[in-house]
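Next come the chains, spelled out residue by residue.
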Amino acid sequence: MPAENASVAGNLDDDDYPAYTMGRAADVLGTTPAFLRAVGEVGLIAPLRSGGGHRRYSRRQLRIAARARELVDQGTPVEAACRIVSLEDQLDDALRLNREIRRKLDEHVADT
């Protein structure tokens, strides 16, 4: 496989690689491009732009948008849904950091 093809293939495994056009992303999520623009305007996701200025989305961004869509489908306004998803992500990060600190503390106590 030529080197440039190997590089492209590696990108497909990357959750942050912007592989999806707006239309394809909307299809995957079962939503509209307007919904993707709305979650982008609120700042939940920030799609990359192609050389021509078209929005491109990664799988990670699609998962985040899908969670917001679940909340919107349950009747939550899009701005509130985006805030909830953002807070859920912050909580996950804080819990992960807490586990890491506790593990290091346990290791330190075991070494003394």
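Notes on the structure in this doc start here.

Calculation rules
Residues numbered from 1 in each chain as written. Predicted model: local features only at pLDDT ≥ 70, side-chain atom pairs only at ≥ 80, totals over all residues. Heavy atoms only, no water. Pairing = 2+ DSSP bridges. Helix = DSSP H or I, 4+ residues; strand = E, 2+ residues; numbered from the N terminus. Contact = heavy atoms within 4.5 Å. Axes fitted to C-alpha atoms, helices over the stretch in contact; angles between N-to-C directions. Core = buried A, V, L, I, M, F, W, Y, C linked by side-chain atoms within 4.5 Å. Buried < 20%, exposed > 50% of the residue type's maximum accessible area, 1.4 Å probe, protein only. Expected span 1.5 Å × (residues − 1).

### Notes on the sheet that holds strand β1 (residues 20–21)
One open sheet accounts for 3 strands, arranged β1-β3-β2; its pairing is antiparallel. Each having just a single partner strand, β1 and β2 (48–49) make up the two edges of the open sheet. Relative to strand β3 (residues 55–57), β2 is paired through 2 bridges, and the arrangement is antiparallel. Residue pairing across strands places R49 opposite R55, the latter belonging to β3. Lying on the sheet, helix α4 (residues 59–73) is in contact with β1 and β3; it crosses β3 at an angle near 85°.

### Some points on the nonpolar core
One finds L36, V39, L44, I45, Y57, A68 and V85 to be the most contacted residues of the largest nonpolar core, which totals 19 residues. When residues of this core are traced back to their parent elements, those giving at least two are α2 (22–29), α3 (33–42), α4 and α5 (78–111). Of the residues forming this core, the biggest block, 5 residues, is contributed by α4.

### Some words on α5
In this model, α5 (34 residues) spans 50 Å end to end at C-alpha, consistent with the 50 Å of a helix rising 1.5 Å per residue. Buried residues of α5: V78, A81, C82 and V85, and no others.

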